[in-house]
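Descriptive analysis of the structure
Each chain, written out:
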Amino acid sequence: MVALPTMNMLRAITVPAGLLQKCPNPHKRHITKFNYRRSKSMSTMASADSLPEHVMKVAAISGSLRKSSFNRGLLRSAVEIAKESIPHMEIDILEIAHLPFVNTDLEVNNRFPPSVEELRAKVLQADCILFASPEYNYSVTSPLKNTLDWASRHPNAWSDKPAAIMSAGGGYGGGLSQYHLRQIGVYLNLHFINKPELRIRAFEPPAKFDGDGNLIDDKIRELMKELLLSLSAYTRRLQNK
């Protein structure tokens, strides 16, 4: 039979002081780590809250060059709506009338004409694109197609950009131009939002625009606001912001 240790024997057992120092309280160590991680996490959250909201830059392009065109008027209204109702969104209307016709002879030493370089830089800097695309002969206008082609020259400035389309005109309200623009966008790697659609039958009563091409229909302005909000949400989702 094995003899069990007596109480006197147990009292006689001593533990070296060094060993006690090497074995700190595991619960205390766990709490210390937890508090450190929690403190670090809260500090990170506080820093994120203090960061300014990212300003979404929208490059807006009208396929019509006429100053009082309905489609240029749509873009002017979009600028106003963004300033009034959509925080952290800035819309910059890009001018395309001065662009030369696409001609690769104008590309010298891997550089484009100055007006094209300026356009491409603004497209690259934008978070997303807003098109106002009138319908000419069942398709997009030649100035808009010229713009799309210049900015698509290598490296493609349109690639991976979220985009939205609106249009005003007769018939389908520019519906066929929107359809063709979406087809072109497939090759350019543009990502168009699908809803809501904004196609305005500009020549049907009541009047939607004044004599200077300014939008005067409040219902259409509300639809445009929904379009811009959808573009904003889609852009942030693609950018993971």
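Scope of this entry: the structure provided in the associated data block. (Residues numbered from 1 in each chain as written. Predicted model: local features only at pLDDT ≥ 70, side-chain atom pairs only at ≥ 80, totals over all residues. Heavy atoms only, no water.)

We now examine helix α5 (residues 114–125). When the terminal C-alpha atoms of α5 are compared, their 17 Å separation across 12 residues agrees well with the 16 Å that a helix rising 1.5 Å per residue should span. Turning to α5, its buried residues are Ser115, Val116, Glu117, Leu119, Arg120 and Val123. The secondary structure elements touched by the buried residues of α5 are β3 (128–132) and α6 (142–152). (Helix = DSSP H or I, 4+ residues; strand = E, 2+ residues; numbered from the N terminus. Expected span 1.5 Å × (residues − 1). Buried < 20%, exposed > 50% of the residue type's maximum accessible area, 1.4 Å probe, protein only. Contact = heavy atoms within 4.5 Å.)

The residue Leu238 is located in helix α8 (residues 218–239) in this model. Each C-alpha atom of the pair Leu238 and Asp160 lies 9.1 Å from the other, and the pair is 78 residues apart in sequence. Dropping the residues within four chain positions of it, Leu238 is found in contact with Pro162 and His191.

On to the environment of Arg120. Note that Arg120 resides in helix α5. The exposure class assigned to Arg120 is buried, which follows from its relative accessible area of 5%. C-alpha separation for the pair Arg120 and Ala157, spaced 37 residues apart in sequence, amounts to 6.2 Å. Setting aside residues no more than four positions away along its own chain, Arg120 makes contact with Phe112, Trp150, Ala151, Ser152, Arg153, His154, Pro155 and Ala157. A distance of 3.2 Å separates the side chain of Arg120 from the backbone oxygen of Ala151, its partner in a polar contact. (Polar contact = N/O pair within 3.5 Å; in protein donor to acceptor, adjacent residues only side chain to side chain.)

In the structure shown here, the tally under the stated rule is five aromatic pairs. Summarising the aromatic geometry, the rings of Phe70 and Phe209 are spaced 4.4 Å apart at their centres and angled 15° between planes, so their arrangement reads as stacked. In this pair, Phe70 is assigned in helix α4 (residues 70–85) and Phe209 in the loop between β6 (198–201) and α8, connecting sequence segments 139 residues apart. Owing to a relative accessible area of 8%, Phe209 belongs among the buried residues under this scheme. When the ring of Phe131 is compared with that of Trp158, the centres are 5.9 Å apart and the planes differ by 45°; the resulting orientation is tilted. Taken as a pair, Phe131 in strand β3 and Trp158 in the loop between α6 and β4 (162–169) lie far apart in primary sequence, 27 residues in all. Take Phe131 and Trp158: they sit in the same class, and that class is buried. (Phe/Tyr/Trp six-rings, centres within 6.5 Å; stacked < 30°, edge-to-face > 60°.)

We now examine the nonpolar core. Within the largest apolar cluster, 31 residues are counted, with the highest numbers of intra-cluster contacts made by Ile91, Leu130, Met166, Met224 and Leu228. Only β1 (56–62), α4, β2 (89–93), β3, β4, β6 and α8 provide two or more residues apiece to this core. Here this core gets seven residues from one element, more than from any other, and that element is α4. For Leu228, the contacting residues outside a window of four places in its chain are Ala78, Ile81, Ile86, Met89, Ile91 and Leu130. Within the second largest apolar cluster, 25 residues are counted, among which are Val116, Leu119, Ala126 and Phe131. (Core = buried A, V, L, I, M, F, W, Y, C linked by side-chain atoms within 4.5 Å.)

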